[in-house]
Amino acid sequence: MVGQSMGALDWLSGDKSSSEGHKISNDPVIVEGVIQTPSTEDLSLLNYNHPHNSPTDTNVKKDVNPFNIKEVFASNPYFAAGGGLMLLGAGFSILRKGVGSFANLMYRRLIVDLEIRNSDKSYDWFLNWMSNYPNRISRQLSVKTSFVQHQNGSVMTGFSFVPGPGNHWFKYKNSWFFVSRERSERIHNSGQPMETVTLKTLYKDRYLLASILDEARQMAMKLNEGKTVLYKSWGQDWRIFGKPRSKRVIDSVILDKGIKEDILTDVKEFLKSGSWYHDRGIPYRRGYLLYGPPGSGKTSFIQALAGEFDYNIAIMNVGEPNLTDDRLAYLMNNIPEHTILLLEDIDAAFNNRSQSTEKGYVSGVTFSGLLNALDGVASAEEVITFMTTNHPERLDPALLRPGRIDMKVLINNASDYQVEQMFLRFYDDKEKLPIFMKKFKDLELPYVSTAQLQGLFVQFKESPELAIENVEILKSPHMNNFFYE
Ligand SMILES: Nc1ncnc2c1ncn2[C@@H]1O[C@H](COP(=O)(O)OP(=O)(O)O)[C@@H](O)[C@H]1O
Ligand SMILES: [Mg+2]
(Lines give C-alpha, C1' and ligand atoms only; values in the text may rest on other atoms or scores of the structure.)
(Ligands and ions follow the chains in the order given, each with its own letter.)
Protein backbone atom coordinates (compact mmCIF):
# COMPACT_ATOMS: atom_id res chain seq x y z
CA MET A 1 0.00 0.00 0.00
CA VAL A 2 2.86 2.33 0.85
CA GLY A 3 4.65 1.53 -2.32
CA GLN A 4 1.49 1.99 -4.16
CA SER A 5 0.70 5.39 -2.78
CA MET A 6 4.21 6.67 -3.22
CA GLY A 7 4.35 5.36 -6.64
CA ALA A 8 1.19 7.22 -7.35
CA LEU A 9 2.60 10.38 -5.86
CA ASP A 10 5.70 10.20 -7.92
CA TRP A 11 3.81 9.39 -10.84
CA LEU A 12 1.44 12.32 -10.41
CA SER A 13 4.09 14.92 -9.72
CA GLY A 14 6.41 13.60 -12.33
CA ASP A 15 9.26 14.70 -10.17
CA LYS A 16 11.80 11.86 -10.01
CA SER A 17 14.17 13.50 -7.59
CA SER A 18 11.56 14.13 -4.99
CA SER A 19 10.47 10.58 -5.19
CA GLU A 20 14.02 9.32 -4.72
CA GLY A 21 14.63 11.68 -1.78
CA HIS A 22 11.62 10.23 0.12
CA LYS A 23 9.96 13.53 0.39
CA ILE A 24 7.31 13.55 3.02
CA SER A 25 4.04 15.03 2.31
CA ASN A 26 0.97 15.24 4.43
CA ASP A 27 -1.10 16.35 1.57
CA PRO A 28 -4.02 14.21 0.63
CA VAL A 29 -3.03 11.60 -1.86
CA ILE A 30 -5.25 11.36 -4.84
CA VAL A 31 -5.20 8.12 -6.66
CA GLU A 32 -7.45 7.91 -9.63
CA GLY A 33 -9.94 10.28 -8.15
CA VAL A 34 -9.95 8.71 -4.61
CA ILE A 35 -8.62 10.82 -1.76
CA GLN A 36 -6.61 8.87 0.81
CA THR A 37 -5.27 10.14 4.08
CA PRO A 38 -1.91 8.48 4.76
CA SER A 39 -2.12 6.39 7.88
CA THR A 40 0.24 6.90 10.83
CA GLU A 41 1.69 3.56 9.94
CA ASP A 42 2.65 4.81 6.55
CA LEU A 43 4.27 7.89 7.97
CA SER A 44 6.18 6.00 10.60
CA LEU A 45 7.64 3.70 8.06
CA LEU A 46 8.76 6.68 6.07
CA ASN A 47 10.44 8.20 9.11
CA TYR A 48 12.04 5.01 10.27
CA ASN A 49 15.23 6.71 11.37
CA HIS A 50 13.54 9.62 12.99
CA PRO A 51 14.02 9.26 16.75
CA HIS A 52 10.77 10.87 17.82
CA ASN A 53 8.78 8.90 15.51
CA SER A 54 10.13 5.39 15.69
CA PRO A 55 7.69 2.64 14.83
CA THR A 56 7.96 1.17 18.33
CA ASP A 57 7.11 4.46 19.95
CA THR A 58 4.19 4.84 17.75
CA ASN A 59 3.17 1.31 18.41
CA VAL A 60 3.24 1.68 22.16
CA LYS A 61 1.38 4.89 22.13
CA LYS A 62 -1.17 3.55 19.85
CA ASP A 63 -1.96 -0.02 20.85
CA VAL A 64 -0.61 -0.89 24.27
CA ASN A 65 -2.87 -0.45 27.21
CA PRO A 66 -0.61 0.49 30.14
CA PHE A 67 -2.99 -1.18 32.51
CA ASN A 68 -2.64 -4.48 30.87
CA ILE A 69 0.46 -5.83 32.55
CA LYS A 70 0.74 -8.74 30.21
CA GLU A 71 1.04 -6.41 27.25
CA VAL A 72 3.51 -4.15 28.99
CA PHE A 73 5.75 -7.10 29.75
CA ALA A 74 5.44 -8.51 26.34
CA SER A 75 6.25 -5.26 24.69
CA ASN A 76 9.35 -4.51 26.80
CA PRO A 77 12.35 -6.77 26.32
CA TYR A 78 13.80 -5.99 29.76
CA PHE A 79 10.61 -6.78 31.50
CA ALA A 80 10.16 -9.83 29.46
CA ALA A 81 13.45 -11.31 30.66
CA GLY A 82 14.14 -10.15 34.32
CA GLY A 83 10.57 -9.37 35.26
CA GLY A 84 9.48 -12.87 34.45
CA LEU A 85 11.94 -14.29 36.90
CA MET A 86 10.96 -11.72 39.47
CA LEU A 87 7.35 -12.60 39.13
CA LEU A 88 8.15 -16.25 39.44
CA GLY A 89 10.17 -15.60 42.59
CA ALA A 90 7.45 -13.49 44.14
CA GLY A 91 4.93 -16.13 43.26
CA PHE A 92 6.95 -18.79 44.97
CA SER A 93 7.51 -16.71 48.06
CA ILE A 94 3.81 -15.94 48.33
CA LEU A 95 3.08 -19.59 47.90
CA ARG A 96 5.63 -20.53 50.50
CA LYS A 97 4.29 -17.97 52.92
CA GLY A 98 0.82 -19.17 52.17
CA VAL A 99 1.78 -22.74 52.93
CA GLY A 100 3.61 -21.53 56.05
CA SER A 101 0.74 -19.54 57.40
CA PHE A 102 -1.67 -22.27 56.48
CA ALA A 103 0.40 -24.72 58.45
CA ASN A 104 0.54 -22.17 61.25
CA LEU A 105 -3.19 -21.74 61.15
CA MET A 106 -3.75 -25.47 61.15
CA TYR A 107 -1.26 -25.82 64.01
CA ARG A 108 -3.07 -23.21 66.02
CA ARG A 109 -6.39 -24.76 65.22
CA LEU A 110 -5.33 -28.27 66.07
CA ILE A 111 -2.70 -28.03 68.78
CA VAL A 112 -2.89 -26.48 72.23
CA ASP A 113 0.23 -25.42 74.10
CA LEU A 114 0.34 -25.08 77.85
CA GLU A 115 3.36 -23.45 79.35
CA ILE A 116 4.23 -23.93 83.01
CA ARG A 117 7.03 -21.87 84.48
CA ASN A 118 9.11 -22.99 87.40
CA SER A 119 8.03 -19.90 89.31
CA ASP A 120 4.61 -21.53 89.46
CA LYS A 121 3.72 -24.14 92.04
CA SER A 122 2.26 -26.48 89.47
CA TYR A 123 5.71 -26.85 87.89
CA ASP A 124 7.00 -29.20 90.59
CA TRP A 125 3.62 -30.82 90.90
CA PHE A 126 3.58 -31.67 87.22
CA LEU A 127 7.17 -32.98 87.11
CA ASN A 128 6.47 -35.11 90.12
CA TRP A 129 3.27 -36.40 88.59
CA MET A 130 5.03 -37.26 85.35
CA SER A 131 7.86 -39.02 87.13
CA ASN A 132 5.27 -41.30 88.70
CA TYR A 133 3.33 -41.79 85.48
CA PRO A 134 3.90 -45.17 83.84
CA ASN A 135 2.81 -44.42 80.26
CA ARG A 136 5.60 -42.14 79.18
CA ILE A 137 8.56 -42.02 76.85
CA SER A 138 11.49 -40.09 78.28
CA ARG A 139 15.10 -40.35 77.32
CA GLN A 140 16.37 -37.38 79.27
CA LEU A 141 15.89 -37.81 82.98
CA SER A 142 16.94 -35.89 86.07
CA VAL A 143 17.38 -37.37 89.48
CA LYS A 144 15.39 -35.96 92.34
CA THR A 145 16.29 -37.06 95.82
CA SER A 146 13.47 -37.17 98.30
CA PHE A 147 13.24 -37.82 101.99
CA VAL A 148 10.64 -39.90 103.67
CA GLN A 149 10.21 -39.39 107.36
CA HIS A 150 8.76 -42.27 109.31
CA GLN A 151 6.54 -41.98 112.33
CA ASN A 152 9.47 -42.82 114.58
CA GLY A 153 11.37 -39.90 113.10
CA SER A 154 13.90 -41.85 111.04
CA VAL A 155 14.51 -40.52 107.57
CA MET A 156 14.74 -42.62 104.43
CA THR A 157 16.13 -41.30 101.19
CA GLY A 158 14.56 -42.12 97.87
CA PHE A 159 15.24 -41.25 94.26
CA SER A 160 12.81 -40.49 91.55
CA PHE A 161 13.46 -39.79 87.91
CA VAL A 162 11.78 -36.66 86.80
CA PRO A 163 11.70 -35.64 83.14
CA GLY A 164 14.94 -33.78 82.45
CA PRO A 165 15.44 -30.91 80.03
CA GLY A 166 14.46 -32.21 76.58
CA ASN A 167 11.48 -33.79 74.90
CA HIS A 168 9.13 -36.39 76.29
CA TRP A 169 5.88 -38.07 75.39
CA PHE A 170 3.15 -39.60 77.40
CA LYS A 171 -0.23 -41.11 76.73
CA TYR A 172 -3.03 -40.08 79.04
CA LYS A 173 -6.60 -41.34 78.65
CA ASN A 174 -5.88 -42.46 75.08
CA SER A 175 -4.45 -39.11 73.99
CA TRP A 176 -0.83 -38.27 73.34
CA PHE A 177 0.93 -35.39 74.99
CA PHE A 178 4.24 -33.92 74.00
CA VAL A 179 6.28 -32.37 76.78
CA SER A 180 9.36 -30.22 76.40
CA ARG A 181 11.27 -29.01 79.38
CA GLU A 182 13.59 -26.10 78.75
CA ARG A 183 16.12 -24.41 80.93
CA SER A 184 16.97 -20.83 80.19
CA GLU A 185 20.18 -18.91 80.76
CA ARG A 186 18.17 -16.32 82.58
CA ILE A 187 18.03 -16.30 86.35
CA HIS A 188 15.00 -15.63 88.53
CA ASN A 189 15.10 -13.08 91.30
CA SER A 190 15.18 -16.05 93.62
CA GLY A 191 18.53 -17.13 92.13
CA GLN A 192 17.16 -20.19 90.32
CA PRO A 193 17.53 -20.55 86.55
CA MET A 194 14.27 -19.96 84.71
CA GLU A 195 12.69 -23.13 83.40
CA THR A 196 9.57 -23.97 81.54
CA VAL A 197 7.67 -27.11 80.74
CA THR A 198 5.45 -26.94 77.67
CA LEU A 199 2.70 -29.47 77.12
CA LYS A 200 1.26 -29.86 73.65
CA THR A 201 -1.75 -31.84 72.67
CA LEU A 202 -4.55 -31.86 70.14
CA TYR A 203 -7.11 -29.14 70.52
CA LYS A 204 -9.83 -31.69 70.99
CA ASP A 205 -8.02 -33.10 74.03
CA ARG A 206 -7.40 -29.76 75.71
CA TYR A 207 -9.75 -30.50 78.60
CA LEU A 208 -7.39 -33.27 79.66
CA LEU A 209 -4.74 -30.69 80.52
CA ALA A 210 -6.82 -29.41 83.39
CA SER A 211 -7.43 -32.92 84.60
CA ILE A 212 -3.68 -33.71 84.50
CA LEU A 213 -2.88 -30.60 86.51
CA ASP A 214 -5.58 -31.46 88.96
CA GLU A 215 -4.21 -34.96 89.43
CA ALA A 216 -0.73 -33.51 89.88
CA ARG A 217 -1.99 -31.08 92.49
CA GLN A 218 -3.86 -33.76 94.39
CA MET A 219 -0.80 -35.97 94.34
CA ALA A 220 1.28 -33.13 95.81
CA MET A 221 -1.36 -32.47 98.44
CA LYS A 222 -1.36 -36.13 99.40
CA LEU A 223 2.39 -36.08 99.83
CA ASN A 224 2.01 -33.19 102.25
CA GLU A 225 -1.01 -34.61 103.99
CA GLY A 226 -0.41 -34.63 107.69
CA LYS A 227 2.66 -32.47 107.12
CA THR A 228 3.55 -28.88 107.75
CA VAL A 229 5.51 -27.22 104.97
CA LEU A 230 8.08 -24.68 106.09
CA TYR A 231 8.85 -21.76 103.83
CA LYS A 232 11.80 -19.46 104.25
CA SER A 233 12.45 -16.23 102.47
CA TRP A 234 15.04 -16.77 99.77
CA GLY A 235 16.04 -13.82 97.65
CA GLN A 236 12.84 -12.28 96.43
CA ASP A 237 10.72 -15.33 97.04
CA TRP A 238 9.47 -17.85 99.52
CA ARG A 239 11.06 -21.25 99.14
CA ILE A 240 10.18 -24.55 100.73
CA PHE A 241 12.69 -25.20 103.45
CA GLY A 242 13.77 -28.76 104.02
CA LYS A 243 11.30 -31.57 103.86
CA PRO A 244 7.70 -31.14 104.97
CA ARG A 245 7.55 -32.07 108.64
CA SER A 246 5.02 -34.29 110.28
CA LYS A 247 2.41 -32.16 111.96
CA ARG A 248 3.07 -31.58 115.59
CA VAL A 249 0.19 -32.82 117.70
CA ILE A 250 -1.26 -29.97 119.70
CA ASP A 251 -1.48 -32.17 122.82
CA SER A 252 2.29 -32.56 122.78
CA VAL A 253 2.71 -28.89 123.67
CA ILE A 254 1.93 -28.27 127.29
CA LEU A 255 1.17 -24.69 128.17
CA ASP A 256 -0.24 -23.33 131.38
CA LYS A 257 -3.95 -23.87 132.04
CA GLY A 258 -6.25 -22.30 129.48
CA ILE A 259 -3.56 -20.58 127.35
CA LYS A 260 -3.69 -23.02 124.46
CA GLU A 261 -7.47 -22.94 124.42
CA ASP A 262 -7.56 -19.12 124.45
CA ILE A 263 -5.30 -18.80 121.44
CA LEU A 264 -7.00 -21.62 119.53
CA THR A 265 -10.42 -20.06 120.14
CA ASP A 266 -9.17 -16.67 118.97
CA VAL A 267 -7.70 -18.07 115.75
CA LYS A 268 -10.86 -20.09 115.08
CA GLU A 269 -13.00 -17.01 115.59
CA PHE A 270 -10.76 -15.00 113.26
CA LEU A 271 -10.91 -17.61 110.51
CA LYS A 272 -14.70 -17.56 110.68
CA SER A 273 -15.00 -13.79 110.43
CA GLY A 274 -13.87 -13.15 106.86
CA SER A 275 -17.07 -11.44 105.76
CA TRP A 276 -17.17 -9.34 108.94
CA TYR A 277 -13.74 -7.90 108.07
CA HIS A 278 -14.60 -7.45 104.39
CA ASP A 279 -17.93 -5.76 105.11
CA ARG A 280 -16.21 -3.20 107.32
CA GLY A 281 -13.27 -2.68 105.02
CA ILE A 282 -10.80 -3.83 107.66
CA PRO A 283 -7.77 -5.75 106.39
CA TYR A 284 -8.39 -9.39 107.11
CA ARG A 285 -5.41 -10.10 109.29
CA ARG A 286 -4.54 -10.81 112.88
CA GLY A 287 -1.25 -10.56 114.69
CA TYR A 288 -0.17 -12.56 117.75
CA LEU A 289 2.82 -12.02 119.98
CA LEU A 290 4.07 -14.89 122.10
CA TYR A 291 6.60 -13.69 124.62
CA GLY A 292 8.49 -15.33 127.43
CA PRO A 293 11.74 -17.05 128.33
CA PRO A 294 13.47 -19.37 125.89
CA GLY A 295 12.46 -23.03 125.88
CA SER A 296 8.92 -22.40 127.01
CA GLY A 297 7.33 -23.81 123.85
CA LYS A 298 6.54 -20.70 121.79
CA THR A 299 7.86 -22.04 118.51
CA SER A 300 6.56 -25.54 119.20
CA PHE A 301 3.11 -24.19 119.90
CA ILE A 302 2.97 -22.19 116.65
CA GLN A 303 4.05 -25.31 114.78
CA ALA A 304 1.32 -27.36 116.45
CA LEU A 305 -1.26 -24.65 115.85
CA ALA A 306 -0.40 -24.60 112.14
CA GLY A 307 -0.90 -28.36 112.06
CA GLU A 308 -4.20 -28.07 113.89
CA PHE A 309 -5.61 -25.67 111.27
CA ASP A 310 -3.82 -27.40 108.41
CA TYR A 311 -1.68 -24.36 107.69
CA ASN A 312 1.92 -24.09 106.58
CA ILE A 313 4.49 -21.76 108.11
CA ALA A 314 6.53 -19.06 106.42
CA ILE A 315 9.46 -18.07 108.60
CA MET A 316 11.11 -14.73 108.12
CA ASN A 317 14.20 -13.56 109.85
CA VAL A 318 13.80 -9.80 109.87
CA GLY A 319 17.33 -9.45 111.20
CA GLU A 320 18.80 -10.87 108.00
CA PRO A 321 21.37 -8.31 106.85
CA ASN A 322 20.53 -8.30 103.15
CA LEU A 323 16.81 -8.03 103.64
CA THR A 324 15.65 -4.60 102.54
CA ASP A 325 12.40 -2.77 103.25
CA ASP A 326 11.24 -3.36 99.68
CA ARG A 327 11.92 -7.05 99.80
CA LEU A 328 10.24 -7.36 103.16
CA ALA A 329 7.13 -5.62 101.85
CA TYR A 330 7.09 -7.82 98.76
CA LEU A 331 7.50 -11.03 100.76
CA MET A 332 4.82 -10.09 103.26
CA ASN A 333 2.40 -9.39 100.46
CA ASN A 334 3.14 -12.66 98.75
CA ILE A 335 2.85 -15.18 101.54
CA PRO A 336 1.98 -18.62 100.16
CA GLU A 337 -1.69 -19.36 100.64
CA HIS A 338 -2.85 -21.11 103.78
CA THR A 339 0.34 -20.15 105.55
CA ILE A 340 1.09 -18.52 108.88
CA LEU A 341 3.71 -15.82 108.80
CA LEU A 342 6.20 -16.31 111.63
CA LEU A 343 8.60 -13.59 112.68
CA GLU A 344 10.92 -15.14 115.25
CA ASP A 345 12.81 -13.20 117.91
CA ILE A 346 11.46 -9.94 116.62
CA ASP A 347 13.31 -7.93 119.28
CA ALA A 348 16.73 -9.05 118.02
CA ALA A 349 16.18 -7.21 114.78
CA PHE A 350 15.24 -3.84 116.21
CA ASN A 351 16.55 -2.54 119.41
CA ASN A 352 16.03 0.95 118.16
CA ARG A 353 13.82 2.54 115.60
CA SER A 354 16.60 2.62 113.08
CA GLN A 355 18.75 -0.41 112.83
CA SER A 356 22.43 0.25 112.69
CA THR A 357 25.44 -2.01 112.75
CA GLU A 358 28.44 -1.59 115.00
CA LYS A 359 30.13 0.38 112.27
CA GLY A 360 27.32 2.83 112.41
CA TYR A 361 25.59 2.43 109.09
CA VAL A 362 22.05 1.28 108.69
CA SER A 363 21.63 -2.13 107.15
CA GLY A 364 18.77 -4.47 106.46
CA VAL A 365 15.20 -3.69 107.33
CA THR A 366 14.35 -0.50 109.17
CA PHE A 367 11.76 -0.42 111.89
CA SER A 368 9.45 1.79 109.87
CA GLY A 369 9.95 -0.62 106.96
CA LEU A 370 8.66 -3.43 109.16
CA LEU A 371 5.68 -1.41 110.35
CA ASN A 372 4.80 -0.46 106.79
CA ALA A 373 5.11 -4.04 105.65
CA LEU A 374 2.88 -5.23 108.50
CA ASP A 375 0.28 -2.55 107.83
CA GLY A 376 0.46 -3.05 104.10
CA VAL A 377 -0.22 -6.75 104.20
CA ALA A 378 -3.32 -6.76 102.06
CA SER A 379 -4.74 -9.93 100.77
CA ALA A 380 -8.07 -11.39 99.84
CA GLU A 381 -7.06 -14.32 101.99
CA GLU A 382 -6.62 -14.19 105.70
CA VAL A 383 -3.17 -13.38 107.07
CA ILE A 384 -2.14 -14.73 110.45
CA THR A 385 1.10 -13.36 111.79
CA PHE A 386 2.86 -14.81 114.82
CA MET A 387 5.80 -13.04 116.40
CA THR A 388 7.96 -14.38 119.19
CA THR A 389 10.34 -12.66 121.56
CA ASN A 390 12.22 -13.36 124.75
CA HIS A 391 12.39 -9.64 125.48
CA PRO A 392 9.01 -7.95 125.13
CA GLU A 393 10.30 -4.93 127.04
CA ARG A 394 12.60 -4.16 124.13
CA LEU A 395 9.78 -3.91 121.65
CA ASP A 396 8.76 -0.51 120.41
CA PRO A 397 5.19 0.37 121.45
CA ALA A 398 4.42 1.17 117.82
CA LEU A 399 4.72 -2.52 117.04
CA LEU A 400 2.32 -3.48 119.81
CA ARG A 401 -0.58 -1.50 118.39
CA PRO A 402 -3.73 -3.43 117.48
CA GLY A 403 -3.70 -4.30 113.81
CA ARG A 404 -0.06 -5.17 114.09
CA ILE A 405 -0.31 -7.25 117.24
CA ASP A 406 -3.86 -8.02 118.37
CA MET A 407 -3.18 -10.56 121.05
CA LYS A 408 -0.21 -10.76 123.40
CA VAL A 409 0.33 -13.95 125.36
CA LEU A 410 2.96 -14.74 127.97
CA ILE A 411 4.36 -18.23 127.56
CA ASN A 412 6.25 -18.64 130.76
CA ASN A 413 8.50 -21.11 132.51
CA ALA A 414 6.81 -24.27 133.70
CA SER A 415 4.10 -23.95 136.30
CA ASP A 416 3.39 -26.88 138.65
CA TYR A 417 0.48 -27.78 136.44
CA GLN A 418 2.79 -27.98 133.42
CA VAL A 419 5.37 -30.07 135.30
CA GLU A 420 2.66 -32.59 136.17
CA GLN A 421 1.30 -32.68 132.65
CA MET A 422 4.76 -33.12 131.15
CA PHE A 423 5.50 -36.04 133.50
CA LEU A 424 2.22 -37.73 132.63
CA ARG A 425 2.71 -37.20 128.93
CA PHE A 426 6.10 -38.93 129.05
CA TYR A 427 5.37 -41.75 131.52
CA ASP A 428 1.62 -41.99 131.84
CA ASP A 429 2.21 -43.13 135.43
CA LYS A 430 -0.20 -41.48 137.83
CA GLU A 431 1.15 -43.40 140.83
CA LYS A 432 4.66 -42.06 140.53
CA LEU A 433 3.55 -38.52 139.81
CA PRO A 434 3.22 -37.44 143.49
CA ILE A 435 6.69 -38.85 144.22
CA PHE A 436 8.20 -36.92 141.37
CA MET A 437 6.36 -33.73 142.31
CA LYS A 438 7.53 -33.98 145.91
CA LYS A 439 11.19 -34.35 144.90
CA PHE A 440 10.87 -31.59 142.32
CA LYS A 441 9.40 -29.10 144.78
CA ASP A 442 12.05 -29.94 147.36
CA LEU A 443 14.63 -28.60 144.90
CA GLU A 444 13.07 -25.14 145.30
CA LEU A 445 14.18 -24.07 141.85
CA PRO A 446 13.39 -20.45 141.09
CA TYR A 447 12.21 -21.52 137.67
CA VAL A 448 12.39 -24.42 135.29
CA SER A 449 11.57 -24.32 131.62
CA THR A 450 9.46 -26.90 129.86
CA ALA A 451 12.44 -27.50 127.57
CA GLN A 452 14.50 -28.42 130.65
CA LEU A 453 11.84 -30.89 131.76
CA GLN A 454 11.75 -32.42 128.32
CA GLY A 455 15.53 -32.80 128.52
CA LEU A 456 15.28 -34.79 131.75
CA PHE A 457 12.45 -37.02 130.54
CA VAL A 458 14.08 -37.75 127.21
CA GLN A 459 17.29 -38.74 128.97
CA PHE A 460 15.44 -41.33 131.06
CA LYS A 461 12.66 -42.10 128.70
CA GLU A 462 12.30 -45.76 129.73
CA SER A 463 12.12 -45.22 133.46
CA PRO A 464 10.20 -42.73 135.59
CA GLU A 465 12.17 -44.00 138.59
CA LEU A 466 15.43 -42.85 137.01
CA ALA A 467 13.90 -39.48 136.22
CA ILE A 468 12.84 -39.13 139.84
CA GLU A 469 16.27 -40.23 141.01
CA ASN A 470 18.02 -37.74 138.74
CA VAL A 471 15.68 -34.82 139.14
CA GLU A 472 18.60 -32.70 140.39
CA ILE A 473 19.80 -32.43 136.81
CA LEU A 474 17.20 -29.67 136.55
CA LYS A 475 19.44 -27.52 138.72
CA SER A 476 22.05 -27.40 136.00
CA PRO A 477 21.65 -23.96 134.44
CA HIS A 478 22.96 -24.92 131.00
CA MET A 479 20.01 -27.23 130.60
CA ASN A 480 17.80 -24.23 130.45
CA ASN A 481 18.73 -23.68 126.88
CA PHE A 482 19.40 -27.30 126.15
CA PHE A 483 16.83 -27.47 123.39
CA TYR A 484 16.68 -23.86 122.58
CA GLU A 485 17.04 -23.46 118.85
N1 LIG B 1 5.42 -26.17 126.72
C2 LIG B 1 6.07 -27.15 126.10
N3 LIG B 1 5.44 -28.32 125.86
C4 LIG B 1 6.11 -29.29 125.24
N5 LIG B 1 7.37 -29.21 124.81
C6 LIG B 1 8.03 -28.07 125.04
C7 LIG B 1 7.41 -26.99 125.69
N8 LIG B 1 8.29 -26.00 125.79
C9 LIG B 1 9.41 -26.42 125.23
N10 LIG B 1 9.27 -27.66 124.76
C11 LIG B 1 10.28 -28.44 124.07
O12 LIG B 1 11.50 -27.72 124.15
C13 LIG B 1 12.09 -27.49 122.92
C14 LIG B 1 12.23 -26.00 122.66
O15 LIG B 1 10.97 -25.42 122.60
P16 LIG B 1 10.64 -24.15 121.68
O17 LIG B 1 9.25 -24.30 121.25
O18 LIG B 1 11.67 -23.97 120.67
O19 LIG B 1 10.76 -23.00 122.74
P20 LIG B 1 10.76 -21.43 122.50
O21 LIG B 1 10.36 -21.17 121.11
O22 LIG B 1 9.79 -20.90 123.48
O23 LIG B 1 12.13 -20.98 122.81
C24 LIG B 1 11.26 -28.21 121.89
O25 LIG B 1 11.90 -29.42 121.59
C26 LIG B 1 9.95 -28.49 122.59
O27 LIG B 1 9.48 -29.75 122.26
MG1 LIG C 1 11.46 -20.18 119.60
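Thresholds applied
- Residues numbered from 1 in each chain as written.
- Chains lettered and ligands numbered in written order.
- Predicted model: local features only at pLDDT ≥ 70, side-chain atom pairs only at ≥ 80, totals over all residues.
- UniProt positions renumbered as here; feature names shortened; annotations may be inferred.
- Pairing = 2+ DSSP bridges.
- Helix = DSSP H or I, 4+ residues; strand = E, 2+ residues; numbered from the N terminus.
- Axes fitted to C-alpha atoms, helices over the stretch in contact; angles between N-to-C directions.
- Core = buried A, V, L, I, M, F, W, Y, C linked by C-beta atoms within 7 Å.
- Buried ≥ 20, exposed ≤ 12 C-beta atoms within 10 Å, placed from the backbone.
- Contact = placed C-beta atoms within 7 Å.
- Near = placed C-beta within 6 Å.
- Nonpolar A, V, L, I, M, F, W, Y, C, P; charged D, E, K, R; others polar.
- Parallel < 35°, antiparallel > 145°, perpendicular 65-115°, else oblique.

Named according to an unreviewed UniProt entry, the chain is Bifunctional AAA family ATPase chaperone/translocase originating from Pichia kluyveri. Checking UniProt for the chain, the heading Sequence similarities (unreviewed entry) contains the comment "Belongs to the AAA ATPase family. BCS1 subfamily." What the UniProt record of the chain gives under Catalytic activity (unreviewed entry) is the line "ATP + H2O = ADP + phosphate + H(+)".

*Asks:* How would you summarise the sheet that holds strand β11 (residues 230-234) if you had to cite specific residues and measurements?
*Replies:* Read across the open sheet, the seven strands follow the order β12-β11-β15-β16-β17-β14-β18; overall the sheet is mixed. At either margin of the open sheet sits one strand with a lone partner, and together these are β12 (237-240) and β18 (407-410). The average undirected angle you get between the axes of adjacent strands in this sheet is 25°. Pairing geometry for β11 and strand β15 (residues 312-316), over three bridges, is parallel.

*Asks:* Can you explain the nonpolar core? Please cite residues and give values.
*Replies:* By size, the foremost hydrophobic cluster in this structure holds 40 residues, and its most contacted members are Ile 340 and Leu 341. With five residues, helix α11 (residues 298-308) is the single largest residue contributor to this core. If near-sequence neighbours (up to four positions away) are discounted, Leu 341 is found in contact with Ala 314, Met 316, Met 332, Ile 335, Val 383, Ile 384 and Thr 385.

*Asks:* Describe the site of ligand 1, and please don't skip the residues or the numbers.
*Replies:* Taken together, 17 residues are adjacent to ligand 1, and Gly 297, Thr 299, Ser 300, Thr 450 and Ala 451 come closest. Breaking the shell around ligand 1 down by element, the ones donating at least two residues are α11 and α17 (450-459). Considering only residue class, the shell around ligand 1 consists of seven nonpolar, eight polar and two charged.

*Asks:* Give a description of the sheet that holds strand β9 (residues 193-202) that names residues and reports values.
*Replies:* Within the open sheet, the five strands sit side by side as β3-β9-β8-β7-β4. Their pairing is antiparallel. Since the sheet does not close on itself, it has two edges, and those belong to β3 (111-117) and β4 (136-138), each with one partner. Across the sheet, the mean angle separating the axes of adjacent strands is 20° when strand polarity is ignored. Summarising the sheet, β4 and strand β7 (residues 166-172) pair through three bridges and their orientation is antiparallel. Each bridged residue has a counterpart across the sheet, and for Ile 137 the counterpart in β7 is Trp 169. Along the sheet, helix α7 (residues 121-131) contacts β3, β4, β7, β8 (175-187) and β9; its crossing angle with β3, the most-contacted strand, is approximately 115°. Sheet contacts for helix α8 (residues 207-223): β3, β7, β8 and β9; angle to β9, the most-contacted strand, approximately 135°.

*Asks:* Can you lay out α11 for me, pointing to particular residues and giving the numbers?
*Replies:* Here α11 lies mainly inside the structure; ten of its eleven residues are buried. The complete set of buried residues in α11 reads Lys 298, Thr 299, Ser 300, Phe 301, Ile 302, Gln 303, Ala 304, Leu 305, Ala 306 and Gly 307. At its buried positions, α11 is contacted by β10 (227-228), α9 (259-272), β14 (285-291), β15, β16 (339-343) and β17 (383-389). Positive phi shows up at Asp 310, right after α11, with a value of about 60°.

*Asks:* So what about the packing of α7 against α8? Which residues, and what values?
*Replies:* The geometry of a pair of packed helices is captured by two quantities: the angle between their axes and the separation between those axes. Close contact between α7 and α8 brings their axes to 8 Å; oriented N to C, the two are set at 90°. Here α7 is positioned roughly perpendicular relative to α8, judged by the angle of their axes. Taken together, the residues of α8 that come into contact with α7 (itself represented by Ser 122, Trp 125, Phe 126, Asn 128 and Trp 129) are Leu 213, Glu 215, Ala 216, Arg 217, Met 219 and Ala 220. Looking at the contact of α7 with α8 residue by residue, the class counts come to seven nonpolar, two polar and two charged.

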